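# Remarks on the overall topology
Listed below, chain by chain, are the residues.
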Amino acid sequence: MWLQRSVRQYSRTIRLSSEAIWPPGAPQSQPHLITTPIFYVNAAPHLGHVYSVLQADAQHRYAALYGEKTRLSTGTDEHGMKVQQAAESLGKDPYTFCTSVSHQFRAVFDALDISYTDFVRTSESRHAHAVNHVWLQLEEKGYIYKGTYHGWYCTSDEAFLSDGQTAMKTDDKGNQIRVSLESGHQVHWMSEENYMFRLSTFRPLLLRWLQTEPVRPANFQRIVSQWLEDELPDLSVSRQRSRLTWGIPVPSDPSHTIYVWFDALVNYLTASGYPNPHLAPWGPSTHILGKDILRFHAVYWPAFLLAAGLTPPRTLLVHSHWTCGGVKMSKSLQNVVDPIECVKSYTKDGLRYFLLRSGAPDHDCDFNHYTVRTLLNSELADALGGLLNRCTAHTINPMQRFPYYNPDSIPSSVHDQLQDLLRSLLELPAEVHQWVEKFQVNKALEAIDAKVRQTNAFFQSQAPWKLYKGNNKEVAWAESVLYISLEAMRLYATLLQPAVPGLANVILNRLGVSLAHRTLKENHFLNAALGRHCCFQGQSLGPDCGLLFPRLEKKDGEEQFAVRKKDYRETQLV
Ligand SMILES: Nc1ncnc2c1ncn2[C@@H]1O[C@H](COP(=O)(O)OP(=O)(O)OP(=O)(O)O)[C@@H](O)[C@H]1O
């Protein structure tokens, strides 16, 4: 609250006529906003972009498991020099070029079942309206002034850099060039009269915000703390229009174009409906982003929000990079993997599972097809698919139902093993919750996989198919083993919905679980084993779904597919 200005103060500074755009109505409260970065449309989407979006989608779907309403916003960042140049090189006008690439991003997100509730294009008029509005507020409050920027500019990253953020390198032609230390891209000296934002003023407030530990995992929070140890220079927030025409003009001075990162970051406000006076202005937000854009989100963005009298982000969830041959997968290096090709090879849920299960937020991961195939075969085809098949196969479950659990049937020799299994199953939702909170969905999936294997081992050790041939007590124990395994499967499928919604849906349909029983809110598992009523006992299974995830075979030449590999090591510095 110490950061939030009143709605009245916020609306007092409105100069543009919002009434012309939004009809009058009562302000509505805003559900928590989860966002991906918006993606720069200078080239087609690759697997790295998909990873950011999948992480956000998993957070959004996970909140829904607990009945929490969130919104998920993504989109495309369409202004700036790189897009202007990419369009020129193809002889297209920038808007036509942006539209076609933006559609490609959207098609990829749709192919992966990303449940976004808004897709913002920065070329939309609602976005220009939001950007103008923020700019005018900042200008009116004296946070924007005209000055002269002297310093390094990296067009590739659209970033202003200090001397210390650059280094000299020798390019492949033997020339000495200056590059950004962070990205390796070449920088150029720039001296230009433009508009400056008083970033320096906001250092104390940013330090206070940082005390709320908004940046996760902790290693990235430490990086931001280090940045804020030094004084912050003011930030150039415009380019002369004569140099950059493809962008939003400064509202009070059309001879300048608004800096592309100022423009892009405001997309999060656009997604919240800002500056619609009939909506609550800006609620809690969680931004998911790659580590390459941490400074923009952890320094500039909260400063812009604070300057506009709005609350800084509640959480920044930062992830590391996918690499190809040890080098960051990136559009400009062209060492990219095509997500659509991957969906064709591994299925939508296969790709989702691999990326979320293998990608780690705190360190880079290398992509290769052998690892994908091995992981999916082991965890989805063999372990998860195997368990589903075991407890639903007609030979083992001829009645095709959840059987009754009988505590008197438990053999004394199995007592400890059963207690262990039940305890670990009942602890699983809390364990998963803790990993998701820490932005370690990979660990959450690892925990689920471990329990799937434990359940498989339990099933195998009890061999219910043999017990069915024995006495009444043995048959009752066989039914109890089946009940526990089906309930475990129901738990896994429920918890897997945020990561692999399609596969989870297949499992829950096969188990005959109604939509009302698919959340974690007021949904209990293994009730009968805990001596409580369980509505699933005696309930029929759903229709047979066949193999859950057929094993993947190695394809000839798969090493080449989708990796459009120029010699990126050579091009890295030019
Ligand atoms: N290799 C990657 N691994 C993980 N995430 C990535 C990767 N590349 C891009 N992203 C995600 O997409 C966001 C936008 O990336 P961007 O559009 O700059 O892609 P890029 O391929 O690095 O482009 P360029 O080569 O032009 O710098 C990143 O901040 C990050 O969230």
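Residues numbered from 1 in each chain as written. Predicted model: local features only at pLDDT ≥ 70, side-chain atom pairs only at ≥ 80, totals over all residues. Heavy atoms only, no water.

The chain appears in an unreviewed UniProt entry as Methionine--tRNA ligase, mitochondrial from Pelobates cultripes. UniProt annotates the chain under Sequence similarities (unreviewed entry) with the comment "Belongs to the class-I aminoacyl-tRNA synthetase family." Turning to the chain, the UniProt annotation filed under Catalytic activity (unreviewed entry) states: "tRNA(Met) + L-methionine + ATP = L-methionyl-tRNA(Met) + AMP + diphosphate". (UniProt positions renumbered as here; feature names shortened; annotations may be inferred.)

Assigned secondary structure in the chain consists of 19 helices and 19 strands. The principal-axis extents of the C-alpha atoms in the chain amount to approximately 90 × 60 × 45 Å. Every one of the 574 residues in the chain was classed for burial, and the buried ones make up 58%. Of the roughly 23,800 Å² of accessible surface on the chain, 51% is carried by carbon and sulfur atoms. Separation between the mean location of the 57 positive side-chain charges and that of the 56 negative ones in the chain comes to 3 Å. (Helix = DSSP H or I, 4+ residues; strand = E, 2+ residues; numbered from the N terminus. Buried < 20%, exposed > 50% of the residue type's maximum accessible area, 1.4 Å probe, protein only. Areas by Shrake-Rupley, 256 points an atom, 1.4 Å probe, with all protein chains shown as cover. Lys, Arg positive; Asp, Glu negative; His and termini not counted. Charge placed at Lys NZ, Arg CZ, Asp CG, Glu CD.)

Look at the UniProt record and you will see "domain: Methionyl-tRNA synthetase anticodon-binding" (unreviewed entry) annotated at residues 418-515. Secondary structure across residues 418-515 comprises 83% helix and 0% strand; the distance between its end C-alpha atoms is 29 Å.

Mapped onto the elements, Asp263 comes out in helix α8 (residues 260-265). Buried within the structure, Asp263 lacks any salt-bridge partner; its nearest side chain of opposite charge belongs to Arg241, at an N-O separation of 8.9 Å. Within the structure, the side chain of Asp263 is placed 2.7 Å from the side chain of His127, a separation counted as a polar contact. (Salt bridge = Lys/Arg side-chain N within 4 Å of Asp/Glu carboxyl O. Polar contact = N/O pair within 3.5 Å; in protein donor to acceptor, adjacent residues only side chain to side chain.)

Further remarks concern the sheet that holds strand β18 (residues 327-328). Strand order in this open sheet of 3 strands is β18-β17-β19, and the pairing throughout is mixed. Of all strands in the sheet, those bounded by a partner on one side alone are β18 and β19 (365-366). (Pairing = 2+ DSSP bridges.)

The subject of this paragraph is the packing of helix α7 (residues 218-229) against helix α10 (residues 294-307). At a minimum axis distance of 11 Å, the contact between α7 and α10 shows a crossing angle of 55°. It follows from the interaxial angle that α7 and α10 lie oblique. For the pair α7 and α10, the sense of crossing is right-handed. Together, Phe220, Ile223, Val224, Trp227 and Leu228 of α7 and Leu294, Arg295, Ala298 and Val299 of α10 make up the contact between the two elements. (Axes fitted to C-alpha atoms, helices over the stretch in contact; angles between N-to-C directions. Parallel < 35°, antiparallel > 145°, perpendicular 65-115°, else oblique. Left-handed = near helix turned anticlockwise from the far one by under 90°. Contact = heavy atoms within 4.5 Å.)

Our next topic: the environment of Val299. Turning to its location among the elements, Val299 is positioned in helix α10. A relative accessible area of 1% means that Val299 is categorised as buried. Put simply, Val299 and Leu199 are 100 residues apart on the chain and 8.7 Å apart in space, counted from C-alpha to C-alpha. What Val299 contacts, discounting residues up to four positions off in sequence, is Leu199, Leu206, Trp227, Leu228, Leu232 and Leu294.

Time to look at the packing of aromatic side chains. Here the structure, examined in full by the defined rule, presents 28 aromatic pairs. Grouped by ring-pair contacts, the aromatic residues Trp135, Tyr143, Tyr195, Phe197, Phe202, Phe262 and Phe304 constitute a single cluster. Residue placement shows Arg106 over the ring face of Phe119; its charged tip is 4.7 Å from the ring centre. A cation over a ring is seen here: Arg239 above Tyr153, with NZ or CZ 4.7 Å from the ring centre. (Phe/Tyr/Trp six-rings, centres within 6.5 Å; stacked < 30°, edge-to-face > 60°. Lys NZ or Arg CZ within 6 Å of the ring centre and 35° of its normal.)

What follows covers the side chain of Arg510. Looking at the element boundaries, Arg510 is found in helix α18 (residues 501-510). A polar contact of 3.1 Å, which involves the side chain of Arg510, links it to the backbone oxygen of Thr392. Other than its neighbours up to four places away in sequence, Arg510 contacts Leu388, Thr392, His394, Gln400, Leu541, Gly542, Pro543, Asp544 and Cys545.

Attention now moves to the pairing of strand β7 (residues 166-170). When β7 meets strand β8 (residues 176-180), the two strands line up antiparallel, connected through 5 bridges. Note that in β8 the partner of Thr170 across the bridge is Gln176. Where β7 folds back on β8, the antiparallel hairpin that results is connected by 5 residues, among which Gly174 adopts a positive phi of roughly 85°.

Of all residues adjacent to the ligand, which total 22 residues, the nearest are His46, Ser52, Lys328, Lys331 and Ser332. Between an oxygen atom of the ligand and a main-chain N or O atom of Gly290, the distance comes to 2.9 Å. One of the side-chain N or O atoms of Asp292 is found 3.1 Å from an oxygen atom in the ligand. Against a free-state accessible area of 600 Å², the protein chains account for coverage of 95% of the ligand. Taken together, the residues that form the shell around the ligand break down as 7 nonpolar, 11 polar and 4 charged. (Near = heavy atom within 4 Å. Nonpolar A, V, L, I, M, F, W, Y, C, P; charged D, E, K, R; others polar.)

What links the strands of a sheet is backbone hydrogen bonding, and the strands pair in either a parallel or an antiparallel sense. Pairing within the open sheet is antiparallel, and its 4 strands lie in the order β6-β5-β9-β11. Looking at strand neighbours, the two that pair on one side only are β6 (159-161) and β11 (235-236), the edges of this open sheet. Bridge count between strand β9 (residues 188-197) and β11: 2 bridges; the pairing is antiparallel. Within β11, the position partnered with Phe197 by the bridge is Leu235.

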